[in-house]
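Next come the chains, spelled out residue by residue.
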Amino acid sequence: MEISWSVAVALLVVMMVVVTTGGANVSYDGRSLMIDGERKILFSGSIHYPRSTPDMWPSLISKAKEGGIDVIETYVFWNLHEPQPGQYDFSGRRDIVAFMKQIQAQGLYVCLRIGPYIEGEWTYGGFPFWLHDVPGVVFRSNNEPFKFYMQNFTTKIVNLMKSEGLYASQGGPIILSQIENEYQNVEKAFGEDGPPYVSWAAEMAVGLQTGVPWCMCKQDDAPDPVVSYLTFFTLRLIKLLLLHFVKDIFLDMLQINACNGLRCGETFTGPNSPNKPSIWTENWTSFYQVYGQNATLRSAEDMAYHVALFIARKNGTFINYYMYHGGTNFGRTAAEYMITSYYDQAPLDEYGLIRQPKWGHLKELHEAVKLCSETILSVFPSMQSLGEQQEAYVFSGDSGACAAFLVNMDNTKSVVVQFQNSSYELPRKSISILPDCKTVAFNTAKVSTQFNTRITIPAIKFDAAEKWEQFEEVIPQFDATTLRSDVLLEHMNTTKDVSDYLWYTFSIQQDSMEQQSTLSVKSLGHVLHAFVNGEHVGSLHGRFRNTAFTLEGAVSLNKGTNSISLLSATVGLPDSGSFLECRALGVESVIIQDSKEAKNITNLSWGYQVGLLGEKLQIYSLEESKSVNWSSLGSSQPLTWYKSVFDAPKGDDPVALNLGSMGKGEAWVNGQSIGRYWVSFRTLAGIPSQTWYNVPRSFLQPGDNLLVLFEEETGNPLDITVDTISVTKPSLRK
């Protein structure tokens, strides 16, 4: 039986309606994403729900909306939501559904980056550590065990979103999803197992039937998988009726390759199909910061220039700022060597305060672009040369409307150009936006927004010894350990990420009287503290991307049995690179050299202790801290716990702990970890990478707030203060 083309098209329309019944139809063409058939220029901002607190979410979203943001983008954090296989947690800062609904309540869209590998400067790239122990697993490759658990979690999240009606196809805010993350960076390392994995991931995601497009960022060959949300029968019918024409329509609607980076207006090679729009999933508003390094700043002018260039040169219509609000890596969530503060230089700082002029300058950019968005979306631009390093991108449609972007790529001087019989002065490295091809509405280099400055005001001091109590961590010896091995164990595989700390202990017999020897310990990272017979004899640490080091120093051994205890500490787990499951940390070899011989201790019997006694006792918690035998503040010693109480500062200003007098460790307020601190790891300029540590107001009660710190080194708690954070009234740049 023959079926006419009109009937075939009608069947196709019916099926498309079925997919999107009850909500918006999100699709795209080679120009932009389309919502119910209407093309959109969308400005997006990354705000990660667990890096802030639920009471902060409404304000963060509101300020983003006021700044001209249309979409909130967030990762989904696998290790937070599935800490053990099949055991899920969506409470508190993990309540992604509440976060989605708050975005929807304020009238914004969502880009949901499920991953579930996210990198994101998040410990282990978002993978739960139990995944490491799955037999035969190879992360992010065409590996059946990995794909099984990846699909399980992705399905869990998609079904959760569906059950709450959160996809645009259901009337919800989610208009775009992402599977995987920057896989192109590692794909070659997996050889022949790379490309099949990419295809599988794309097809698996599409098969979850969300009714909205999926994208892959930094994946130039993002595939167009089989449309598995259609029944097999329907797909066969479509193929018979419309052959490759219909197939191509559907396939091109399902996976979009996107750009990440600072300068996608220059570097993006473009969509891998003429039927896909140009999407920028990560326009970095600054850069992540690691301990021992200065912050990498990015000006508002540079950000605005590259956004405008992406729109003009790459036909960009979706731009996401990573991050719009960075927030805080609470607890032990930061990846290796990452500071606790995250993207503090974003338009909304760590505390959710507006950072000017970045926030205001981008708001003005968004407003200028929206003035001519209808014109921009109706045509592709033509390029005209205005000089050696000057260009005009002109959007001129049949309706007579006209918009232009005048670009000066010269970073050394301003120029005057002629455009449509008028003169325009273009500052160096700038773009002028002319919504009507006549009048300049915005220039990326001209900042009219006034500047503000963040200020800290001490509200509470802990400057009296009687305000503090302390508890000295017990240094374990070999005889007291129960976990034994004849070989050195790898740190992460032994701790299973339940603690940063792993004790390596052994005993050595000394036949002669006390003598000087040299202890040499090779570590793969990150930090090592060495103790001989309970006395601290040395500490050393690695650096970001150079984690290995050798701790070497003179030690005195007594006649008889000597106890050597080595405390290995991680500062977050690695978050990137191929074969992440094979990475190794911890002690690699130990040699003791005396006047006669060098003794390789590596293959002797070792005793291990995972974590600290204070962690086991949970002395940072409100209840358990009462059962610990604290003592009065004494002299500063390594591996000491400190405890105090304080009242919440008056007012509503954000609160931070000034730990500038401390060394390295972790801090808790009312049992909640505000993150690791590492003040002693200084930059080349001799200043800490981070001094103030965010204490959300929701962590506090009016009085008697419990503050507990674990100090690895020798800090001075008497100089700690609780400060309030605010910003000055805006002022012009001097």
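Residues numbered from 1 in each chain as written. Predicted model: local features only at pLDDT ≥ 70, side-chain atom pairs only at ≥ 80, totals over all residues. Heavy atoms only, no water.

Moving on, we get to the overall build of the chain. Scanning the chain from terminus to terminus reveals 13 helices and 38 strands. For the chain, the C-alpha radius of gyration of 29 Å lies close to 27 Å, the compact-globule estimate for 734 residues. Residue burial in the chain is summarised as follows: out of 734 residues, 58% are buried. Taking as baseline every contact in the chain between residues at least 6 positions apart, the subset at least 24 positions apart corresponds to 75%. (Helix = DSSP H or I, 4+ residues; strand = E, 2+ residues; numbered from the N terminus. Rg over C-alpha atoms; globule rule 2.2 N^0.38 Å. Buried < 20%, exposed > 50% of the residue type's maximum accessible area, 1.4 Å probe, protein only. Contact = heavy atoms within 4.5 Å.)

One open sheet holds the 6 strands; their spatial order is 31-20-32-37-34-35, and the pairing between them is antiparallel. Looking at the sheet topology across the chains shown, the edges are occupied by strand 31 (631-632) and strand 35 (672-678). Across 7 bridges, the pairing between strand 32 (residues 640-646) and strand 37 (residues 705-711) is antiparallel. Counterpart to Tyr 642 in the pairing with strand 37 is Leu 709. (Pairing = 2+ DSSP bridges.)

The next subject is helix 6 (residues 194-206). Spacing of three or four residues puts side chains on the same side of an α-helix, whose turn is 3.6 residues. Between its terminal C-alpha atoms helix 6 stretches 19 Å, which fits the 18 Å expected from 13 residues at 1.5 Å a residue. Within the span of helix 6, buried status applies to Gly 194, Tyr 197, Val 198, Trp 200, Ala 201, Ala 202, Met 204, Ala 205 and Val 206. Those residues of helix 6 that are buried lie in contact with helix 5 (144-163), strand 7 (174-179), strand 8 (214-217) and strand 9 (255-261). (Expected span 1.5 Å × (residues − 1).)

This next bit is on the pattern of salt bridges. One pass over the structure, following the stated rule, counts 27 salt bridges. Glu 73 serves as the salt-bridge partner of Arg 113, at 3.1 Å between the closest nitrogen and oxygen. In this pair, Arg 113 is assigned in strand 6 (residues 109-115) and Glu 73 in strand 5 (residues 71-75), connecting sequence segments 40 residues apart. Of the residues examined, Glu 73 reaches a relative accessible area of 0% and is grouped as buried. Glu 712 is the partner of Lys 664 in a salt bridge, and the nearest nitrogen-oxygen pair spans 2.5 Å. Of this pair, Lys 664 sits in strand 34 (residues 664-669) while Glu 712 sits in the loop between strand 37 and strand 38 (721-727), and the two are 48 residues apart along the sequence. (Salt bridge = Lys/Arg side-chain N within 4 Å of Asp/Glu carboxyl O.)

Let us look at the sheet that holds strand 38. Taken in spatial order, the 4 strands of this open sheet run 19-38-33-36, and their pairing is antiparallel. Lying at the two open borders of the sheet, with one neighbouring strand each, are strand 19 (454-461) and strand 36 (692-695). Pairwise comparison of adjacent strand axes, ignoring direction, gives a mean angle of 35° for this sheet. Pairing of strand 19 with strand 38, which is carried by 7 bridges, proceeds in the antiparallel orientation. If you follow Arg 454 over to strand 38, its bridge partner there is Val 727. (Axes fitted to C-alpha atoms, helices over the stretch in contact; angles between N-to-C directions.)

Another aspect to go through is the confidence of the model for the chain. On average, residues of the chain carry a pLDDT of 92, and 92% of them reach 70 or more. Scored below 50 in pLDDT, residues 1-21 shows 21 contacts in the model against residues more than four places distant or in partner chains. Within the model, the stretch residues 225-253 combines pLDDT values under 50 with 51 contacts to residues more than four positions away or in other chains. (pLDDT = per-residue confidence, 0-100.)

Now for the packing of helix 5 against helix 6. Following both chains from N to C, one finds helix 5 and helix 6 inclined at 25°, their axes separated by 11 Å at the closest point. Classified by the angle between their axes, helix 5 and helix 6 sit roughly parallel to one another. Like other packed secondary-structure pairs, helix 5 and helix 6 cross with a definite hand, here right-handed. Residues Phe 146, Lys 147, Met 150, Gln 151 and Thr 154 of helix 5 pack against Tyr 197, Trp 200, Ala 201 and Met 204 of helix 6. Residues that form the contact of helix 5 with helix 6 fall into these classes: 6 nonpolar, 2 polar and 1 charged. (Parallel < 35°, antiparallel > 145°, perpendicular 65-115°, else oblique. Left-handed = near helix turned anticlockwise from the far one by under 90°. Nonpolar A, V, L, I, M, F, W, Y, C, P; charged D, E, K, R; others polar.)

Turning our eyes to something else, we now look at unusual backbone geometry. A cis amide bond links Gln 356 to the next residue, Pro 357, at an omega of 15°. Put simply, Gly 525 and His 526 share a cis peptide bond, and its omega is 5°. Non-glycine residue Arg 140 carries a positive phi angle of around 55°. Exposure remark for Arg 140: the relative accessible area of 4% places this residue in the buried category. One non-glycine residue with positive phi stands out, namely Asn 315, at about 60°. Structurally, the position occupied by Asn 315 is in the loop between helix 9 (300-313) and strand 11 (316-325).

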